[in-house]
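Architecture at a glance
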Amino acid sequence: MIEVNAQPSPFAFAPEHTALVIIDMQRDFLQPGGFGAALGNDVRPLQAIVPTVQRLLALAREQRMTVIHTRESHSADLADCPAAKLEHGLPGLRIGDTGPMGRILVRGEPGNQIIAELAPLAHEWVIDKPGKGMFCRTDLEARLQAAGISHLIVAGVTTEVCVQTSLREANDRGYRCLLVEDATESYFAEFKRATLAMITAQGGIVGRVAPLAALQAAFHRSEA
Ligand code: TIU
């Protein structure tokens, strides 16, 4: 077992039963001209975590853990996009509209690709999700069960939207979750802080939180 010094208490896991989940590190949210920018956000804080997420991904690959990438995405006919979501944002800059990186949040479009720095390898899972949460209308739960995964190490964007929703869904389904605090980011610094506090409050009501260095140290200790 690997034991990470986490908040509010240690996070112990067996790498063979653990998956790294990298949430929505796609061009739509990280690059100018995407959905995040269309909603009025400055994308630079999200870009700043890319090197840390790269190191986390390299560690998971080294340890031969299951790696899962998610993308927030919709089918070209938008049949999987509820009206309430479709009506969100300014006219002309909504889901399905054409922007500088193709149709916003539509599967297969340039903007919907995971950024090159974190490109999935052929054997890694890529989960296309029409919601903010990764279990909503996806086959993720069945795949995790089939693979014997009980623990999730989570990173990605944005902390209080897709990451927090996915963590809460996972927690309700019985998965033990660790959020890597320097491998997640929000467009709003205060929302990230509040989300980390919410997750770890009340004895870890939604999960555990630790920096990448704590995860790296845990692996070093186990190898020593
Ligand atoms: N807007 C925002 O903060 N996030 C999203 O719309 N999706 C994700 O968090 N992936």
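Above this note sits the structure.
Here we come to the overall build of the protein. Along the backbone of the protein there are nine helices and ten strands. At 17 Å, the protein has a C-alpha radius of gyration in line with the 17 Å of a compact globule built from 224 residues. Dimensions of the protein, computed from C-alpha atoms along their principal axes, come out at roughly 55 × 35 × 30 Å. Burial status across the protein gives 51% buried among its 224 residues. Element-wise, carbon and sulfur atoms account for 53% of the exposed surface of the protein, whose accessible area totals about 9,800 Å².

This part takes up the pairing of strand E9 (residues 176–185). Where burial is concerned, most of E9 is hidden: seven out of the ten residues are buried. In the sheet, strand E8 (residues 151–157) pairs with E9 via six bridges, with the strands oriented parallel. Looking at the pairing, His151 lines up with Arg176 of E9. For the handedness criterion, the β-α-β arrangement of E8, helix H7 (residues 159–172) and E9 is classed as right-handed. When E9 meets strand E10 (residues 208–210), the two strands line up parallel, connected through three bridges. Counterpart to Val180 in the pairing with E10 is Ala210. For the crossover from E9 across helix H8 (residues 189–204) to E10, the handedness is right-handed.

Attention now moves to the sheet that holds strand E3 (residues 18–23). Each strand in a sheet pairs with its neighbour through backbone hydrogen bonds, running either in the same direction (parallel) or in the opposite one (antiparallel). One open sheet accounts for six strands, arranged E7-E4-E3-E8-E9-E10; its pairing is parallel. The open sheet has two free edges, formed respectively by strand E7 (125–129) and E10, since each of these has just one partner strand. Adjacent strand axes in the sheet meet at a mean angle of 25°, parallel and antiparallel pairs treated alike. Sheet topology places strand E4 (residues 66–72) next to E7; five bridges connect them, and they run parallel. If you follow Arg71 over to E7, its bridge partner there is Asp128. Helix-sheet contacts for helix H9 (residues 212–223) involve E8, E9 and E10, and the interaxial angle to E9 is about 125°.

Next up on the list: the environment of Ser222. Its location among the elements puts Ser222 in helix H9. Since its relative accessible area comes to 41%, Ser222 is described here as partly exposed. Spatially, the C-alpha atom of Ser222 lies 6.5 Å from that of Ile2, the residues being 220 residues apart in sequence. In this structure the side chain of Ser222 is engaged in a polar contact, spanning 2.9 Å, whose partner is the backbone oxygen of Phe219.

Attention shifts here to the packing of helix H4 (residues 50–62) against H9. As a packed pair, H4 and H9 sit with axes 11 Å apart at the nearest point and diverge in direction by 20°. On the basis of their axis angle, the class for H4 and H9 is roughly parallel. Where H4 crosses over H9, the handedness of that crossing is left-handed. Contacts between H4 and H9 involve Thr52, Arg55, Leu56 and Leu59 on the former and, on the latter, Leu212, Leu215, Gln216 and Phe219.

For Glu185, the position within the fold is in strand E9. Classification of Glu185 by relative accessible area gives buried; the value is 15%.

Taken together, Asp24, Phe29, Leu39, Glu72, Lys132, Val157, Thr158, Val161, Cys162 and Tyr187 form the complete shell of residues around the ligand. Contacts to the ligand include Asp24, whose side-chain N or O atom sits 2.7 Å from a nitrogen atom. Notes on the ligand: free accessible area 290 Å², of which the protein chains cover 93%.

A few words on H4. The end-to-end C-alpha separation of H4 is 18 Å, in line with the 18 Å expected for 13 residues at 1.5 Å each. Looking at H4, one finds that the buried residues are Val50, Thr52, Val53, Leu56, Leu57, Leu59 and Ala60. Of the residues one or two after H4, Arg64 is the one with positive phi, at around 55°.

Rules used in this analysis
Residues numbered from 1 in each chain as written. Predicted model: local features only at pLDDT ≥ 70, side-chain atom pairs only at ≥ 80, totals over all residues. Heavy atoms only, no water. Helix = DSSP H or I, 4+ residues; strand = E, 2+ residues; numbered from the N terminus. Rg over C-alpha atoms; globule rule 2.2 N^0.38 Å. Buried < 20%, exposed > 50% of the residue type's maximum accessible area, 1.4 Å probe, protein only. Areas by Shrake-Rupley, 256 points an atom, 1.4 Å probe, with all protein chains shown as cover. Pairing = 2+ DSSP bridges. Right-handed = clockwise from strand over helix to strand, strands pointing away. Axes fitted to C-alpha atoms, helices over the stretch in contact; angles between N-to-C directions. Contact = heavy atoms within 4.5 Å. Polar contact = N/O pair within 3.5 Å; in protein donor to acceptor, adjacent residues only side chain to side chain. Parallel < 35°, antiparallel > 145°, perpendicular 65-115°, else oblique. Left-handed = near helix turned anticlockwise from the far one by under 90°. Near = heavy atom within 4 Å. Expected span 1.5 Å × (residues − 1).

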